[in-house]
Structures are given as structure tokens and as C-alpha cells.
Amino acid sequence: MDRQHIGSAQPARLRVEVRTVDGGSELLTPVGELDHHTAELLRTPLDSALDAGRPRLVVDCSGLDFCDSTGLNVLLGARLRAEAAGGGVHLVAMRPAVARVFHITGAEAVFTLHDTLGTALPG
């Protein structure tokens, strides 16, 4: 499947930049809308990092405009796997619309939240 297109060749509404940073953290930067149609674009690199033995996942949410329940479930699934491997999922700089989803569902209580990348990345 072409990872830049979802469904009927519609351009993806989400792109994800991934890089390993000093200290072994995986930094993922999703930009756009995380929903039922785009969730796999984030799930794949999360799973790849965990499969490669990098259980400390930092997700920079500053470019995330929207997150629905499917996106939330992708992050919750990654959190369970990361914690089982001795790591965790750190969410950074959530915009108000995305933060509201986490607040309403209570999911904010199970993630480590950071205002800036500086506080999320070990240094």
C-alpha cells in the first residue's frame, strides 16, 4: 500500500516524521489529523520502534490538529507495549483540541505529558 495515500488514492491527512535521538528515545512527530483513516501511519512507526527495542517513545503533538478515538487507541496500545518493555509514551505540546480528547476520556492520566520537547527528552 502506498503510505502517502489512504483509501481511494486520497492524499494522506497525516504525515509522521520519525528519528532516534540521543539516549535511545524514538521521537515521532505526527502532523495533521490522526483518525480512523490515518491511524496506521502512526501505528507502524510506533510498532517498529518497539520491535527494535526502543521502548521510550516521545510523540511531539504540536502539529497534531485532530485526534479521534482510533488515534487515541493507537497511542494507548503503544503505551501498553512500551511499559511492558520498561519504557513509556511521552506526549508533548498537545494543542487544545487534542488535549480535550485526552481530558474527556481520562487518557491524560495514563500518559506522561510535557509542555516542551526539552522536558520530554533525556538530556
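Going by the annotation in an unreviewed UniProt entry, the name recorded for the protein is Anti-sigma factor antagonist, with Streptomyces narbonensis given as the source organism. What the UniProt record of the protein gives under Sequence similarities (unreviewed entry) is the line "Belongs to the anti-sigma-factor antagonist family."

What to know about the side chain of T29
Assignment of secondary structure puts T29 in strand β4 (residues 26-34). Using a relative accessible area of 16% as the deciding quantity, one classes T29 as buried. Ignoring any residue separated from it by four or fewer positions in sequence, one finds T29 in contact with R15, V16, E17 and D60.

Examining the pairing of strand β7 (residues 88-92)
For β7, a buried count of 5 out of 5 residues is recorded, marking the element as mostly surrounded by other parts of the structure. Here β7 shows a buried face lined by G88, H90 and V92 and a second buried face lined by V89 and L91. Note: strand β5 (residues 56-60) against β7, 5 bridges, orientation parallel. Bridge pairing in β7 places L57 opposite V89. Bridging between β7 and strand β8 (residues 112-114) involves 3 bridges; their strand directions are parallel. What sits directly across from V92, in β8, is H114. The handedness of the β7 to β8 crossover, carried by helix α3 (residues 96-105), is right-handed.

A few points about the environment of L57
Checked against the element boundaries, L57 lands in strand β5. When the C-alpha atoms of L57 and A78 are compared, they prove to be 8.5 Å apart, with 21 residues separating the residues in sequence. Apart from residues lying up to four places away in sequence, L57 is in contact with E26, L28, L46, A49, L50, A78, A82, G88, V89 and H90.

Describing the packing of aromatic side chains
Applying the stated criterion across every chain, the model contains 1 aromatic pair. Measuring from centroid to centroid gives 5.7 Å for F102 and F111, while their planes differ by 70 degrees, and the two rings are edge-to-face. You'll find F102 and F111 in the same group, each marked buried.

Points about the environment of A39
If you trace the backbone, A39 turns up in helix α1 (residues 39-51). Assessed through its relative accessible area of 1%, A39 is described here as buried. Distance from A39 to R19, taken between C-alpha atoms, is 19 Å for residues 20 residues apart in sequence.

Quick word on the pattern of salt bridges
Per the stated rule, a full pass over the model turns up 8 salt bridges. One salt bridge in this structure joins D51 and R81, with 2.7 Å as the shortest N-O distance. Here the residue D51 occupies a position in helix α1, and R81 occupies one in helix α2 (residues 69-84), the gap between them amounting to 30 residues. D51 sits in the exposed class, given a relative accessible area of 59%. Each of R13, E33 and D35 takes part in one network of salt bridges that share partners.

The rules behind the values
- Residues numbered from 1 in each chain as written.
- Predicted model: local features only at pLDDT ≥ 70, side-chain atom pairs only at ≥ 80, totals over all residues.
- Heavy atoms only, no water.
- UniProt positions renumbered as here; feature names shortened; annotations may be inferred.
- Helix = DSSP H or I, 4+ residues; strand = E, 2+ residues; numbered from the N terminus.
- Buried < 20%, exposed > 50% of the residue type's maximum accessible area, 1.4 Å probe, protein only.
- Contact = heavy atoms within 4.5 Å.
- Pairing = 2+ DSSP bridges.
- Right-handed = clockwise from strand over helix to strand, strands pointing away.
- Phe/Tyr/Trp six-rings, centres within 6.5 Å; stacked < 30°, edge-to-face > 60°.
- Salt bridge = Lys/Arg side-chain N within 4 Å of Asp/Glu carboxyl O.

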